[in-house]
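Here is what each chain is made of, one letter per residue.
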Amino acid sequence: RQQVEHQKALRRANAALAKERDLRLNSQPALSSMETHLRDAKREIQALKRENSELETRLAEQRKLASERYDRVLVRARAEAAQESAGEQRFLKQQVSIAQQRGETAV
């Protein structure tokens, strides 16, 4: 009787070992597949980081060009406004001078 119990225990232990071995063998492809997927994901992340860096560099360049363009337009607009103002001042001085020559008072 004790020998029968011992054999049953051995069979259960062997069955458990076989089940564990099968699980390990069956999980290897899944682990391998996940490792491959992880490596692919890491490569994709690196590629996205490089692309992001390139886009940030291009954005910085575009901002610099836009700032330079804005500065040029602003300088040109100020110069035009100054010329226009100078022209208006000359015109007003001429009008005052004409009025004074006629003996009129400036309004």
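Since this is a predicted model, take the numbers as computed values, not measurements. (Residues numbered from 1 in each chain as written. Predicted model: local features only at pLDDT ≥ 70, side-chain atom pairs only at ≥ 80, totals over all residues. Heavy atoms only, no water.)

## Here we look at the overall build of the protein chain
Item 1. On a plain count of helices and strands, the protein chain comes out with 1 helix and 0 strands.
Item 2. Overall size of the protein chain, expressed as C-alpha extent along the three principal axes, is 145 × 25 × 10 Å.
Item 3. Looking at the protein chain as a whole, 1% of its 107 residues are labelled buried.
Item 4. Of the charged side chains in the protein chain, 22 are positive and 16 negative, and the gap between their average positions amounts to 10 Å. (Helix = DSSP H or I, 4+ residues; strand = E, 2+ residues; numbered from the N terminus. Buried < 20%, exposed > 50% of the residue type's maximum accessible area, 1.4 Å probe, protein only. Lys, Arg positive; Asp, Glu negative; His and termini not counted. Charge placed at Lys NZ, Arg CZ, Asp CG, Glu CD.)

## Section: a positive patch on the surface
Item 1. A cluster of basic residues, Arg 1, Lys 8, Arg 11 and Arg 12, forms a positive patch at the surface.
Item 2. Among the structural elements, Lys 8 can be located in helix 1 (residues 2-102). (Patch = residues over 30% accessible without salt bridge, like charges linked within 9 Å, V, L, I, M, F, W, Y side chains within 5 Å. Areas by Shrake-Rupley, 256 points an atom, 1.4 Å probe, with all protein chains shown as cover. Salt bridge = Lys/Arg side-chain N within 4 Å of Asp/Glu carboxyl O.)

## Quick word on the pattern of salt bridges
Item 1. The tally for this structure, following the rule as stated, stands at 2 salt bridges.
Item 2. Here Asp 22 makes a salt bridge to Arg 21, at a shortest N to O gap of 3.7 Å.
Item 3. By relative accessible area, Asp 22 is classed as partly exposed at 36%.
Item 4. Note that Asp 40 is salt-bridged to Arg 43, the shortest N-O span being 2.9 Å. With Asp 40 and Arg 43 both in helix 1 and 3 residues apart, this pair spans about one turn of that helix.

## Side note on the environment of Ala 41
Item 1. Position of Ala 41 among the secondary structure elements: in helix 1.
Item 2. C-alpha of Ala 41 to C-alpha of Ala 13: the two residues are 28 residues apart in sequence and 41 Å apart in space.

## Describing helix 1
Item 1. End to end, helix 1 covers 142 Å across 101 residues, agreeing with the expected 150 Å (1.5 Å per residue, within 8%).
Item 2. Considering bend angle alone, the principal kink of helix 1 is centred on Gln 28 and spans about 30 degrees; proline Pro 29 follows within four residues of it. (Expected span 1.5 Å × (residues − 1). Bend = angle between axes of the 7 residues up to and from the residue.)

## So, the environment of Arg 72
Item 1. Summarising the element assignment, Arg 72 is placed in helix 1.
Item 2. Owing to a relative accessible area of 47%, Arg 72 belongs among the partly exposed residues under this scheme.
Item 3. Placed 18 residues apart in sequence, Arg 72 and Arg 90 show a C-alpha to C-alpha distance of 27 Å.

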